[in-house]
Each structure stands twice: as C-alpha cells, then as structure tokens.
Amino acid sequence: MNLSTYRPRRLREKEPFRRMIRETVLSVDSLIMPYFVVHGQNICSKINAMPGIFHFSIDRLIEDVKETQGLGIPAVLLFGLPDIKDEAASEAYAENGIIQQAVRAIKSAVPDIMVITDVCLCEYTSHGHCGIPGDGRILNDESVELLVRIALSHARAGADMIAPSDMMDGRIKAIRHGLDLAGYTHIPIMSYAAKYASAFYGPFRQAAQSTPAFSDRQGYQMDPANIQEASREVELDIWEGADIVMVKPGLAYMDVVWQIKQRFGYPTAVYNVSGEYAMVKAASQAGFIDEKKVVMEIMLGMRRAGADIIISYHAKDVAGWLRQRE
Ligand code: PBG
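Residues numbered from 1 in each chain as written. Predicted model: local features only at pLDDT ≥ 70, side-chain atom pairs only at ≥ 80, totals over all residues. Heavy atoms only, no water.

Student: Which residues make up the UniProt feature "active site" (unreviewed entry) in the protein chain, and what values do they have?
Tutor: UniProt records the feature "active site" (unreviewed entry) for Lys 195 and Lys 248 in the present numbering. Spatial clustering of the annotated residues is evident: they stretch over 54 residues in sequence, but the largest pairwise C-alpha distance comes to 4.8 Å. In this structure Lys 195 touches Ser 165, Met 167, Tyr 201, Gln 221, Met 222 and Lys 248, once residues within four positions along its chain are discounted. A polar contact of 2.9 Å, which involves the side chain of Lys 195, links it to the backbone oxygen of Ser 165. Tracing the backbone through its elements, the reader meets Lys 248 in strand β10 (residues 244-248). A residue is classified by how much of its surface remains accessible, and Lys 248, at 9% relative accessible area, is buried. (UniProt positions renumbered as here; feature names shortened; annotations may be inferred. Contact = heavy atoms within 4.5 Å. Polar contact = N/O pair within 3.5 Å; in protein donor to acceptor, adjacent residues only side chain to side chain. Helix = DSSP H or I, 4+ residues; strand = E, 2+ residues; numbered from the N terminus. Buried < 20%, exposed > 50% of the residue type's maximum accessible area, 1.4 Å probe, protein only.)

Structure follows, in structure tokens:
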C-alpha cells in the first residue's frame, strides 16, 4: 500500500463500488430460527421480554414454521416446555414429550426444513438446572446419561440435528456414541461448545421458566472472563465428535467467535441470545434506534467475526429484509 497516494474514500463514494469490494455477505442460508413449543391447542401467547416471539402449541407452530421455510431459512431450533417439571426431567426423553411430538409434526407437515433440537435438562427439571443435583453439586456423569437418552428420543422422533446445550463434561462423546450405536450415524451434532454463564439468558429463562431454583449455572457454564478456555472446550468437543461448534452469547463474545473460527476452521455457529434480542427490541420500541439497521449490522458483525451460522430470534425479520433487497 502506497500511503502517500492511497485514498480509501475513492471506493466508498459510489454504491456499485461499495458493493464490489464488500468483504462480508449476509445470506438467509446462515440463519436458524428458534421456537418455544408448549402443550395444548391454538396457543400463540406473547413472551413478555421478547416482543415478536411466542409460545406456540404444535398446530400454531406448524403455521409459523411454514412461513419460516417460505422465507428460505434452512433450519429451526426447538425448545420445549413440558406440562410437568420434575427432579428427573422425565418429559425430556418421553416418547410423547412436547419436543418429540413437535419434531414428528414438523417433519410430516414441513419436511424440507431442518429440525434441530436443543438437548438439555433445564426446561424439564423442577429445580431448573441443566443436570441432576446431588451432594450439593450438579452431578456430571449421571446427567450425561440422561442427555444421551434425550438425544436418542429426539433422533427417534426424526430430528435432523442434535444440539446439546448443557455444558456437562464428556456429553458430546457420549451422545455421539449413543447415536451411533442406535444407527443414527448420519445425524450431526451442533455443540454449544463455548457457552458462558451469562445474564443475557434472562428473557429465555422467563420464557422457559428455567431460572435455577437454587444457586446458579457457574458450576458448569463458562466464566465470561475466559477465552483460552473456550478454545479448550471447542477442541474437546471437536475431538468428541461435534460437527458444528457454537459460541454463546454473541455480542459480548465476538472475540471468541473470531478466535474459534480462526483456530479451528470448523463450521461455527453463534447464538444471538434472548437478552440481546430484548435490548434491541426495547430500544427500538422506545424510538432510540432503527431496529432494521441495527439488526442487520449485528448480523453482519457476527458473520464478519467468523460465524457461518447465526441462531437468532430476528431470523424471520432478517430473511424478510434480505428479500426486500433483492
Ligand atoms: C438451555 C438453554 C438456554 C439457552 C439456550 N439453551 C438457557 C440457559 O442456559 O440458561 C439460552 C438461549 C437464549 O437466551 O436465547 N440450557
């Protein structure tokens, strides 16, 4: 670069030139739309801290997933709310649990959209933890056994991909092994690999009624101060059999996304979580920011940081805006 002659604005002043040298492209292909599913019929109830996001019963879920597919979004991510939460998270692996029913319904009504299921205990346990408590701790290996059961029940229901979000040690290896033994060698795993103990999950926990009844999740989710550890978590999960690795949350962790993509070159996902969504919605409803512009900038930033895949409650809006541009 010749610093005495280089004038960066030459290529900035005309839109076609800006287009020609644009480094990062946002496409609908990167998006995953999350959903909360509940028992019952004809339910579409607003989630307080997440304007535009709903608890759907399966019949209404199907209608919305059809729209999502119509917008070109390749995949949805399902979270279930059971009727009864108990110590053992029984509904999480029940053949007729809410997720198992939802997966079967989507696969028969909207077969071409990929159905990814969140595998965790916290939505199903009475205490709201992602594992089984005992001896004043969350027990690791006992929890992993249950996670394998959940993953298998999702695969049997027809899930296209399994996404464990619990942060127990060794769960990717155990789930991969369990899936393979049962003949699901073809079902990929998207691992919540570097998942931080974050206050940005607040609205999700209200929506899933999964705030821990005692203590918090710092005994298994990562310390927000650490990035080297994120690399170790990701390396472990890749070694254990993860096909896609995820960083979560997104906005406060873009350095982690960058490092993971650069270092491992693996398909990398980022979760633009509920608290990030709630902040954007609140500020735009107050008239403080331009929602569309801010959301598109966040999406682009996540892609620029290295994310191939973005899980976002804004996914449908983003897909719609991308379409308007065409
Ligand atoms: C389950 C799970 C959580 C989220 C995704 N899977 C909640 C948590 O760990 O407390 C959060 C997603 C969001 O905030 O949008 N373990």
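Student: Go over unusual backbone geometry with me, naming the residues and quoting the values.
Tutor: A cis amide bond links Lys 248 with the next residue in sequence, Pro 249, at an omega value of -5 degrees. Mapped onto the elements of the fold, Pro 249 is located in the loop between β10 and α8 (254-264). Of note, Ala 89 is a non-glycine position whose phi angle comes to about 55 degrees, a positive value. Within the secondary structure, Ala 89 sits in the loop between β4 (75-81) and α3 (98-109).

Student: Can you explain the packing of aromatic side chains? Please cite residues and give values.
Tutor: This model, assessed by the stated rule, comprises ten aromatic pairs. Between Phe 36 and Tyr 313, the ring centres sit 6.3 Å apart and the planes meet at 0 degrees, which makes this aromatic pair stacked. Of the two residues, Phe 36 sits in strand β1 (residues 31-38) while Tyr 313 sits in the loop between β12 (309-312) and α11 (315-325), which places them 277 residues apart along the sequence. Relative accessible area serves as the criterion here: at 3%, Tyr 313 is assigned to the buried category. (Phe/Tyr/Trp six-rings, centres within 6.5 Å; stacked < 30°, edge-to-face > 60°.)

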